[in-house]
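Descriptive analysis of the structure
For reference, the chains in residue letters:
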Amino acid sequence: GAVVSQHPSWVICKSGTSVKIECRSLDFQATTMFWYRQFPKQSLMLMATSNEGSKATYEQGVEKDKFLINHASLTLSTLTVTSAHPEDSSFYICSAREAKRPYNEQFFGPGTRLTVL
Amino acid sequence: AQSVAQPEDQVNVAEGNPLTVKCTYSVSGNPYLFWYVQYPNRGLQFLLKYITGDNLVKGSYGFEAEFNKSQTSFHLKKPSALVSDSALYFCAVRDESGGSNYKLTFGKGTLLTVNP
């Protein structure tokens, strides 16, 4: 149990276009979803936290108009990178938490590699 | 505030030798501690966690970690390293109180290379 999927696994887009990444909890209800960004050979940096049905909470320095997060259901959250630029190229990882599980563990998706040309 | 330090960017060991990947943490309350492994272009794989109870925690693939409250450490260990253990390892901490919406804070990662 506790499987999180991401789609797509990789995407290449042109500068100026928008890209949507999906994060799904396959066998549990994700009360909270987290979006992370990881640059090559670096750690995961939390971008935002989203609770189902409410607005996402963004970390300091993350542009909320640039990285749109929607958590419309208990099994799906989306991250849209708007007007993407080459500096947005990165590995994006989501995780999900189910409120009723003990210790509020996070379960991680496999990640999405975004390359902006 | 919570933080994690992984003092070594890289650890090299010979196959068959024991390995240790170091982690120290800082939280205001009681810590929940985690180790994850990441292979190239892959997401995080959970290895083990410390929540409460025995200080020695056993996890996946023969890994274990020892929680040391006085030294605020949670070092990852394996008695006999395999070449296939070569990967990037992350330590993470969360405050037990659940403040800040259960956010995890990650260390910068340690690249483990096991030489045949």
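Note that residues are indexed from 1 along each chain, following the sequence as it is written. Here the convention is simple: chains get letters from A, ligands get numbers from 1, in the order in which they are written. Selection of residues for local features in this predicted model requires a pLDDT of at least 70, selection of side-chain atom pairs for listing and counting requires 80 or more, and totals for whole chains, interfaces and linings are taken over all residues. Water and hydrogen atoms play no part in the side-chain values, which are based on all heavy atoms of the structure.

Our focus in this paragraph is the interface of chain B and chain A. The interface of chain B with chain A comprises 21 residues on the first partner and 22 residues on the second. Buried surface area refers to the total accessible area, computed with a probe of radius 1.4 Å, that the two partners give up upon joining, counted for both partners together. At the boundary of chain B with chain A, total buried surface from both sides reaches about 1700 Å², with 54% on carbon and sulfur atoms. We define a salt bridge as a contact between a side-chain nitrogen of Lys or Arg and a carboxyl oxygen of Asp or Glu at a distance within 4 Å. Our count for the contact surface shared by chain B and chain A stands at 1 salt bridge. In this structure, K103(B) engages E59(A) in a salt bridge whose closest nitrogen and oxygen atoms are separated by 3.0 Å. We call two N or O atoms a polar contact when they sit within 3.5 Å, provided that within protein one can donate a hydrogen and the other can accept it, with sequence-adjacent residues counted only if both atoms are side-chain atoms. On inspection of chain B and its partner chain A, the count reaches 4 residue pairs in polar contact (both at pLDDT 80 or more). The secondary structure listing takes helices from DSSP runs of H or I that are at least 4 residues long and strands from runs of E that are at least 2 residues long, numbered from the N terminus. For the side of chain B that touches chain A, the secondary structure elements donating two or more residues are strand 5 (31–38), strand 6 (44–50), strand 10 (87–95) and helix 1 (99–102) of chain B. Any residue outside Ala, Val, Leu, Ile, Met, Phe, Trp, Tyr, Cys, Pro, Asp, Glu, Lys and Arg is labelled polar, Gly included; the first ten of those are nonpolar and the last four are charged. Here the residues of the side of chain B that touches chain A are counted per class, giving 11 nonpolar, 5 polar and 5 charged. Only heavy atoms matter for contacts: two residues are in contact if any of them lie within 4.5 Å across the pair.

Once that is clear, we can look at the state of the cysteines. Here, two cysteine sulfur atoms that lie within 2.5 Å of each other are counted as a disulfide. Counted according to the given criterion, the structure contains 2 disulfides over all chains. One disulfide bridge connects C23(A) with C94(A), the sulfur atoms lying 2.0 Å from each other. Handedness here is read from the sign of the S-S torsion; for C23(A) and C94(A), about 80 degrees, the answer is right-handed. Of this pair, C23(A) sits in strand 3 (residues 19–25) while C94(A) sits in strand 9 (residues 90–97), and the two are 71 residues apart along the sequence. Taking relative accessible area as the criterion, C94(A) reaches 0% and is therefore assigned buried. Disulfide pairing is shown between C23(B) and C91(B); the S-S distance is 2.0 Å. An S-S torsion of about -60 degrees defines the bridge between C23(B) and C91(B) as left-handed. Remark: C91(B) occurs in strand 10 and C23(B) occurs in the loop between strand 3 (19–21) and strand 4 (24–26); sequence separation between them is 68 residues. No disulfide involves C13(A); its nearest neighbouring cysteine sulfur is the one of C94(A), lying 18 Å away. For every residue, the accessible area obtained with a 1.4 Å probe (protein chains only) is divided by the maximum for its type, and the residue is called buried under 20%, exposed over 50%, and partly exposed between those limits.

What follows is about the nonpolar core. Counting residues in each nonpolar core, the largest one holds 27 residues, and the members touching the most others are W35(B), L47(B), L48(B), F74(B), L76(B) and Y89(B). Elements with a contribution of two residues or more to this core: strand 2 (10–14), strand 3, strand 5, strand 6, strand 8 (64–68), strand 9 (73–78), strand 10 and strand 12 (110–115) of chain B. Leaving out residues up to four positions away in the same chain, L48(B) has contacts with L33(B), F34(B), W35(B), V57(B), K58(B), G59(B), F63(B), E64(B), A65(B), F74(B) and L76(B). V4(A), I69(A), F107(A) and V116(A) belong to the second largest nonpolar core, which has 25 residues in total. Within this scheme, the nonpolar core is defined by two criteria: the residues are buried Ala, Val, Leu, Ile, Met, Phe, Trp, Tyr or Cys, and they are joined through side-chain atoms within 4.5 Å.

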